[in-house]
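# Survey of secondary and tertiary structure
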Number of protein chains: 4
Amino acid sequence: MQPWQLMAGARLFDLAHPMRTGMPQSPNHPPFRMVLERRHGDIVRADGGSAANELIITGGHVGTHVDALAHVSQDGLLHGETPAASVQSNRGFSTLGIDTFPPYVGRCVLLDIAAVHGTRTLAPGYEVSAEDLDLAEKAAGVSVGEGEAVLIGTGWSRNWPDGQLFTGQVNGAPGPGTGAAQWLIDRRVRLAGAESIAFECIPPGRGHAELPVHRMLLVEAGITIVETLRLDELLDSGVREFLLILNPLPIVGATGSPVRPLAIAAS
Amino acid sequence: MQPWQLMAGARLFDLAHPMRTGMPQSPNHPPFRMVLERRHGDIVRADGGSAANELIITGGHVGTHVDALAHVSQDGLLHGETPAASVQSNRGFSTLGIDTFPPYVGRCVLLDIAAVHGTRTLAPGYEVSAEDLDLAEKAAGVSVGEGEAVLIGTGWSRNWPDGQLFTGQVNGAPGPGTGAAQWLIDRRVRLAGAESIAFECIPPGRGHAELPVHRMLLVEAGITIVETLRLDELLDSGVREFLLILNPLPIVGATGSPVRPLAIAAS
Amino acid sequence: MQPWQLMAGARLFDLAHPMRTGMPQSPNHPPFRMVLERRHGDIVRADGGSAANELIITGGHVGTHVDALAHVSQDGLLHGETPAASVQSNRGFSTLGIDTFPPYVGRCVLLDIAAVHGTRTLAPGYEVSAEDLDLAEKAAGVSVGEGEAVLIGTGWSRNWPDGQLFTGQVNGAPGPGTGAAQWLIDRRVRLAGAESIAFECIPPGRGHAELPVHRMLLVEAGITIVETLRLDELLDSGVREFLLILNPLPIVGATGSPVRPLAIAAS
Amino acid sequence: MQPWQLMAGARLFDLAHPMRTGMPQSPNHPPFRMVLERRHGDIVRADGGSAANELIITGGHVGTHVDALAHVSQDGLLHGETPAASVQSNRGFSTLGIDTFPPYVGRCVLLDIAAVHGTRTLAPGYEVSAEDLDLAEKAAGVSVGEGEAVLIGTGWSRNWPDGQLFTGQVNGAPGPGTGAAQWLIDRRVRLAGAESIAFECIPPGRGHAELPVHRMLLVEAGITIVETLRLDELLDSGVREFLLILNPLPIVGATGSPVRPLAIAAS
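Residues numbered from 1 in each chain as written. Chains lettered and ligands numbered in written order. Predicted model: local features only at pLDDT ≥ 70, side-chain atom pairs only at ≥ 80, totals over all residues. Heavy atoms only, no water.

### As for the overall build of chain A
Each helix and strand in chain A was counted, giving six helices and 19 strands. Along the first, second and third principal axes, the C-alpha atoms of chain A reach 65 × 50 × 40 Å. Sorting the 267 residues of chain A into buried and exposed places 65% on the buried side. Pairs at least 24 residues apart make up 75% of the contacts formed inside chain A by residues separated by at least 6 positions. For chain A, the accessible surface area stands at approximately 8600 Å², while carbon and sulfur atoms represent 48% of it. Distance between charge centres in chain A, computed from 19 positive and 28 negative side chains, equals 6 Å. (Helix = DSSP H or I, 4+ residues; strand = E, 2+ residues; numbered from the N terminus. Buried < 20%, exposed > 50% of the residue type's maximum accessible area, 1.4 Å probe, protein only. Contact = heavy atoms within 4.5 Å. Areas by Shrake-Rupley, 256 points an atom, 1.4 Å probe, with all protein chains shown as cover. Lys, Arg positive; Asp, Glu negative; His and termini not counted. Charge placed at Lys NZ, Arg CZ, Asp CG, Glu CD.)

This is the structure:
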C-alpha cells in the first residue's frame, strides 16, 4: 500500500483549538495576539492586486502546544543532568529545545478517564490516578506500547468556551497526579498529552504553584508533554487508538511551540 | 492495516526550515523573533523546580508557511468574488482565513524542475514553465491528480544559509510563471508549493512588484500556496510521490501561518 | 533669566506611573510586556564587555499616555470632518496622529475635585460636573486660560496598586461627564488630563460602552486628552498651577503614545 | 517668575527623530514596528462612535533613546561593582534600570564638532577627540559644568533619511573616542548624548565590535548616554546652551527607553 492510500476511508480529527486574541491561556505566558498589518486596499499595485498580512505575538505555551524538555528544570538541572544555566542564552536553549523534538508520527492511545467515572467531563481538581489509567486501558481494549503516545481524556476541552473555568485559576482543573505520571514512565511512552492548560492535577485555588508531573516527565524521564489538546470530538467518536501526527514548529531553542496535532483513525 | 502501521519501513521527511531570529524572510512581513522571557533560575519554587518560557513574534508569511486564500485580492475582490473590505477587521478575515483551510493529508507529487535542466539548483530569476512541469512529470513517471498537492522543486532551499541570496531581493529567485500556474489550475490541484519566499518567478531587481501567480491561484482558482519549503532532502532522495501532511496553525482570520509540513514515503 | 535657571528652587513632579508587565491597563489595548532579550554574559566580547537589551510590546494607550485626535471618530469622521477611512492604512494615520501633536510646554492648572468633596479619592463611577470644576477653580484661586492645559484630580491614581479596582471594569471609575467636557471646551483649553484609564465617567458595570467625552473633546473640539496620569503627589503637594511638559513619543501615524509628563512648580 | 513664563519668547527644539516601521536602527535590537489593530469602522458603537488603536513593538535602544547604566557590564560587573548576574531576571534589572534615572531638566551645552572642522557633517568613522571638545567649547563661548548635560554635534542626524549610511554598518559613524570620553568624565557631567546610533566612534567595517566609551561612561563613571539625537536644527540655530528635558519612559528594569528630548533656549 502507498502511504497516501492511508486516507481512503480513514477519519481525520483535528486536535487543536482555534487560536485567537483573548482565547483561554495561562497568565504565565505572553498572551496570544493576531493583528492585521496590511489590509486589502492599503497598498494596491498598478495591476489592481493587493495583499494582506498580519503580525502574530504568542508564547510557546499558548493554545494547543508541546512542552519541550528544556521547559522545566529541577535544582538547576534539565533532563540528563544538563545544567540549565549553561545552555540558555539570548539564542534560547542550545539543547533540549522544541527543535530537538523529532515530529512524532505514530500510534497513539486515548484513555478516556471521564468514561471510567461515567461522566463526559471530569470535575475541576480531579486527580487522575494510575488505577484510572488501568481501567481506561481495559475499557478500551487497547494497550499502551513502549515508545508510543498516550492522551488522557478528561473532557476538559468542552470547557474551552468558558475561559474563566477552562484556565482553572480559581476552581482548578483535572489532570494526572504523580501516580499517573509514574504509570506513564513505567510504560516508557514517548509522549503524553491532555486537555487542560497544564498536564497536572490543579487543585482549586492552587494555580501552578507546584508541577510535580512536569518534573517527573520532562526532567526525570525525558517524556514530552502536549497540553490544551482539543479531545472532545475524539472522545465522542469512540476512537481509542489512532495515528497521531505531532509536528510543532521548529523554533530553534524554544521551550515549547503551538502545534496542530492530527489523529487519523481507521473508519 | 491500521493507520499507525503506515510508518513501518516508511521514510519521514521534514519539509520545514528551522525558525530563528535573523532567518531569511520577506521584508514585507514582520520579522520573526524568539526571546526567552523566563530563564531557569529566575523564579524557583520552594521544591527546587523552575520553568523557562519565551515570547515569539512572527508574521503569518514567515519561515515555511501557507498562504490562505484571504492573502491576496484583485480589484478589491477575494476568491469567489468576495469583497475584501467587507470581511476584514480587527478580528482578521471572517472568511477565507487560514483557519478555513482543512489540514491536508493526502497524495503529493514533487516535480523536480532542477533535474529537468540537469542541475541541482535553478538560477535566480528562472521562470518555471508549463513544459518544465510536463517534462518533470514524465521524468518521474508520476501523474498529478485532481484535488492533490504538487510541489515544484528548484533546489532553491539549498541557498537558505545565504540569506541575501535566498530572499532574492537583488538577484531574484526561480519560480513558476503564469504558464506553470495555468498548468496547475488545469490539473485542478488542491494546493501547490515551492522553495522560495514567494511562489512566483522573481526576476532580478524586481522584488515582489507583481505577483500574477498569486492572483491566478489564490484569487481565481482557489488553490492554496505553500512557500519557503525545505525540499533539498526530498529532491536528493529521489522520492517523487508521497503522503503530504500540511497542518498550519488554526489562527482565526489570519492570511497565512507558519507550518511544519511532513512527507511520508514508502521505503 | 536663562531657561535652565528655572529649576533653581523649583519642584519637579513626575506624573507617570512606572511601566511593567502586568500593570493595570485597559483590556481593549495590547498588554504591555517588557522582556530582556540579551542578558549580561550571553555575548561577551573579547575585552570582557557585555550588553543587555530588551524587547518591549505595548499599545499606544497603555500606562500614562496621550490620546491623539485620530483615536476617535464619530459617524466615520475624525476631527475637522476628516473621513477616517481615507486617512488610515498600514502606515497608521496620515493626519491627526500622535506625531502631529506638538510637545506641550506650558501652563497647566490642576483642579482638585476630590478636595471639593472633602475626600482624598472620589468614588468609582462619580461624575465630575461643570460645577465641580468651577468650585475647584475657585478653591485653588487659579483660573484656567485659553490654550492652556487642565488636569482633573480625583485621587484615583492612589488605586493604582489595586489593578482590579483601578481599571474600573466592575465598579467603574470617576471622571468628567459631558457637562465638564463642555466646560473645558468653553474654556478653549489645549489639552485635558485625568487619572483613570479613560477620560470619562465610567459607571459601575458599564465598561467603555460609551465615550461621550472622547467624542466631544477629540472629535468635536480638537482637544487632546491625557490618561492614567499619576497625580497623587501633586494633589498632596498643594501645587495647583505649574509648567507642564507633555512630550509623547513621535510615533508616526499612531493614535496615542505612552508619555512621561513632568510638572515644574515654583517652590 | 512663574515656571510657565519660561516659554514667553523662548525657542523650543524637538530633538527626537520620528518613529516609524523601517526607520534606521541598530540590527542588534528588536526592530520598531507600529501596526494599527482596530481601525475606525471595525467596531462602531450604537451611537456612531468608533475608536482606533495600535500595537507597538520596539527595543529600548531604538529611535532617539537613553541608555541606562544597566545596559553595559564589564567583566560581569555593572556600575558600582554590581554583579550583573545577581540583578537581572525575567523582571528586568532590579537596579540601574532606566526607571532609576530621574528625569533630567537642566542646563545642557551643545559642542559643535562639525563646525570645529569647518563642515556641516563629520565623515563616517571620524573620532571626536578631547581637543575637539575643548575647541568647540571655546568657539561657543560656553563652559560645561559639573552635573550638567553635554551633547556632541557631528551633523550625523542629517543622514537619517539614508538608513544604510546612518546606521554605519558599512562605512562607520563619527563619535567620541576614549579621549573625549575621559574629557566628559573629568568634567563630571551628568549625561552625554550624540547623533549616531552608538555613542562611540565606529570605524568603517567595524560595527559595534568594541564599545569602549560605553564602558567608560556607563560602567566606570555612571554617566547616562543619549543616542540617535536629532540635532540638526539645533546645530543650525546657533544655540549652544539651553534647558534640556530628558524624560525616558519609566519602564521598570529596562536597559534603555525611547525618549523625546526637548531643548528650550532663550530667544
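On we go.
### A closer look at the packing of helix α2 (residues 130-140) of chain C against helix α4 (residues 178-186) of chain C
Residues and elements named next belong to chain C. The interhelical angle for the contact between α2 and α4, taken along N-to-C directions, is 55°, at an axis separation of 7 Å. By the angle class used here, α2 and α4 are oblique. For the pair α2 and α4, the contacting residues are A130, L133, D134 and E137 in the first and G179, A180 and W183 in the second. Classifying every residue of the contact of α2 with α4 gives four nonpolar, one polar and two charged. (Axes fitted to C-alpha atoms, helices over the stretch in contact; angles between N-to-C directions. Parallel < 35°, antiparallel > 145°, perpendicular 65-115°, else oblique. Nonpolar A, V, L, I, M, F, W, Y, C, P; charged D, E, K, R; others polar.)

### Focus: the relation of the copies chain B and chain A
Superposing chain B onto chain A takes a rotation of 180° combined with a translation of 0.0 Å along the rotation axis, leaving an RMSD of 0.0 Å. Interpreted geometrically, this transformation is the action of a two-fold axis. Scanning chain B for the C-alpha nearest the rotation axis identifies B:I57, at a separation of 2.3 Å. Counting the interface residues of chain B, we find that 100% of their copies in chain A are interface residues as well, pointing to one common contact surface. (Least-squares fit on C-alpha atoms with pLDDT ≥ 70 in both.)

### Considerations on the sheet that holds strand β17 (residues 241-246) of chain C
Residues and elements named next belong to chain C. Spatially, β1-β19-β17-β11-β13-β15-β16-β5-β18 is the arrangement adopted by the nine strands of the open sheet, whose pairing is mixed. In the strand order of this sheet, the two ends are held by β1 (11-14) and β18 (256-258), each with one partner. Averaged over all adjacent pairs, the angle separating strand axes in this sheet is 25°, with direction ignored. As paired elements, strand β15 (residues 191-194) and strand β16 (residues 224-227) share three bridges and run parallel to each other. Bridging across to β16, G193 finds its partner in V226. (Pairing = 2+ DSSP bridges.)

### Considering the pattern of salt bridges
Counted according to the given criterion, the structure contains 56 salt bridges over all chains. Between C:E37 and B:R33 there is a salt bridge whose closest N-O contact spans 2.6 Å. Note that C:E37 is positioned in the loop between β2 (33-36) and β3 (49-51) and B:R33 in strand β2 (residues 33-36), a pairing that runs across two chains. Assessed through its relative accessible area of 6%, C:E37 is described here as buried. Measuring nitrogen to oxygen at the nearest pair gives 3.8 Å for the salt bridge that ties C:D134 to C:R187. Highlighted residues: C:D134 in helix α2 and C:R187 in the loop between α4 and β15, separated in sequence by 53 residues. For C:D134, a relative accessible area of 28% translates into the label partly exposed. (Salt bridge = Lys/Arg side-chain N within 4 Å of Asp/Glu carboxyl O.)

### Focus on the environment of A:F32
Locating A:F32 in the fold gives a position in the loop between β1 (11-14) and β2 (33-36). Given the relative accessible area of 3%, A:F32 is considered buried. Along the chain, A:F32 and A:G9 lie 23 residues apart, while their C-alpha atoms are 36 Å from each other. Leaving out residues up to four positions away in the same chain, A:F32 has contacts with A:M19, A:R20, A:T21, A:G22, A:M23, A:Q25, A:I56, A:I57, A:T58, A:V62 and B:I251.

### Side note on the sheet that holds strand β4 (residues 54-59) of chain C
For sheets, the rule is that strands pair by backbone hydrogen bonds, running either parallel or antiparallel. In space, the four strands of this open sheet follow the order β2(C)-β4(C)-β4(D)-β2(D), with antiparallel pairing throughout. Each end of this open sheet is capped by a strand with a single partner; those strands are β2 of chain C together with β2 (33-36) of chain D. Sheet twist, expressed as the average angle between the axes of neighbouring strands with direction ignored, equals 10°.

### Here we look at the interface of chain C and chain A
Interface size is commonly expressed as the accessible area that is lost once the parts come together. Contacts between chain C and chain A engage 14 residues on the former and 14 residues on the latter. Across the interface of chain C and chain A, roughly 930 Å² is buried in total on both sides, 56% from carbon and sulfur atoms. Counting the surface chain C buries against chain A, the share from its top three residues, C:R33, C:D42 and C:N90, is 49%. Applying the counting criterion to the chain C and chain A interface returns zero salt bridges. (Buried area = accessible area lost by both parts, 1.4 Å probe.)

### Looking at the relation of the copies chain C and chain A
The transformation that overlays chain C on chain A combines an axial shift of 0.0 Å with a rotation of 180°, and the residual RMSD is 0.0 Å. With an isologous cut-off of 70% or more, the 100% of interface residues of chain C that recur at the interface of chain A puts this contact in the isologous class.

### Considerations on the interface of chain B and chain A
Across the boundary between the two partners, chain B contributes 82 residues, which contact 83 residues of chain A. Three residues stand out in chain B for area buried against chain A, namely B:W4, B:H40 and B:R260, and they jointly supply 12% of the buried area on that side. Between chain B and chain A we count zero salt bridges in total. Taken together, the links from chain B to chain A amount to 37 residue pairs in polar contact (both at pLDDT 80 or more). Of the residues forming the side of chain B that touches chain A, the biggest block, six residues, is contributed by strand β4 (residues 54-59) of chain B. For the side of chain B that touches chain A, a count of residues per class yields 43 nonpolar, 26 polar and 13 charged. Inspection of the sheet shows strand β3 (residues 49-51) of chain A paired to strand β6 (residues 72-74) of chain B by three bridges, in the antiparallel sense. Each residue of the ladder has a partner; that of A:A51, found in β6(B), is B:V72. (Polar contact = N/O pair within 3.5 Å; in protein donor to acceptor, adjacent residues only side chain to side chain.)

### Comments concerning the confidence of the model for chain A
Across chain A, the average pLDDT comes to 97, with 100% of residues at 70 or higher. Scoring of the predicted complex yields 0.97 for pTM and 0.97 for ipTM. (pLDDT = per-residue confidence, 0-100.)

### Regarding the packing of aromatic side chains
Geometrically, a pair of aromatic rings is defined through the distance of the ring centres and the angle of the planes. Tallying each qualifying case throughout the model produces eight aromatic pairs over all chains. Where B:W160 meets B:F166, the ring centres are 5.2 Å apart and the plane angle is 80°; that geometry is what we call edge-to-face. Pair check on accessibility: B:W160 and B:F166 agree, each one buried. Pairwise contacts between aromatic rings join A:W156, A:W160 and A:F166 into one cluster. Seen from the ring of B:W4, A:R107 lies directly overhead, with NZ or CZ sitting 5.5 Å from the centre. (Phe/Tyr/Trp six-rings, centres within 6.5 Å; stacked < 30°, edge-to-face > 60°. Lys NZ or Arg CZ within 6 Å of the ring centre and 35° of its normal.)

### As for helix α2 (residues 130-140) of chain A
All names here are of chain A. Listing the buried residues of α2 in full gives D132, L133, A136 and E137. Projection of α2 onto a plane perpendicular to its axis shows the buried side chains occupying an angular sector of 135°, all on one side. In this structure, α2 carries E131, K138 and A139 as exposed residues pointing more than 90 degrees from its buried face. G141 sits one or two positions beyond α2 and adopts a positive phi of about 65°. (Arc of directions from axis to C-beta.)

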